[in-house]
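Residue strings, one per chain:
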Amino acid sequence: MNKNFVIHDVIMSEEPINRKDDVEQDVRDTADHVEEGFDETGDKIKAGAKAIGNKINDPNTDVGTEYKAEKIKEEVEDI
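Scope of this entry: the structure provided in the associated data block.

## A closer look at helix H1 (residues 19–57)
Because the α-helix completes a turn every 3.6 residues, residues three or four places apart line up on one side.
Argument step 1. Over its 39 residues, H1 extends 57 Å from the first C-alpha to the last, a length consistent with the 57 Å expected when each residue adds 1.5 Å.
Argument step 2. Within H1 the residues assigned to the buried category are Asp 43, Ala 47 and Ala 51.
Argument step 3. On its buried face, H1 sits against helix H2 (63–78).

## Looking at the packing of H1 against H2
Argument step 1. Where H1 contacts H2, the two axes come as close as 8 Å, and the packing angle between them is 135°. One finds that H1 runs oblique with respect to H2. Crossing handedness for the pair H1 and H2: right-handed. Residue-level contacts link Asp 43, Lys 44, Lys 46, Ala 47, Gly 48, Lys 50, Ala 51, Ile 52, Asn 54 and Lys 55 of H1 to Val 63, Glu 66, Tyr 67, Glu 70, Lys 71, Glu 74, Glu 77 and Asp 78 of H2.
Argument step 2. In terms of residue class, the contact of H1 with H2 is made up of 5 nonpolar, 2 polar and 11 charged.

Rules used in this analysis
Residues numbered from 1 in each chain as written. Predicted model: local features only at pLDDT ≥ 70, side-chain atom pairs only at ≥ 80, totals over all residues. Heavy atoms only, no water. Helix = DSSP H or I, 4+ residues; strand = E, 2+ residues; numbered from the N terminus. Expected span 1.5 Å × (residues − 1). Buried < 20%, exposed > 50% of the residue type's maximum accessible area, 1.4 Å probe, protein only. Contact = heavy atoms within 4.5 Å. Axes fitted to C-alpha atoms, helices over the stretch in contact; angles between N-to-C directions. Parallel < 35°, antiparallel > 145°, perpendicular 65-115°, else oblique. Left-handed = near helix turned anticlockwise from the far one by under 90°. Nonpolar A, V, L, I, M, F, W, Y, C, P; charged D, E, K, R; others polar.

In structure tokens, the structure reads:
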């Protein structure tokens, strides 16, 4: 008689696995991340355009400094 055997404990969740819900949640999460990315990109584009405009009005200004100032303004507007 062979007495070599293994007993496995299996723990089952009471909730059934619903892969459709998981995929739908992943899609919603991804859409939220994309939306945040678009918002940030839009703010950067606006700040860059305003910085260039300021540079045209006053050629002695530094575009990098103007960009940083305008970017801060765009971030504050979002709050």
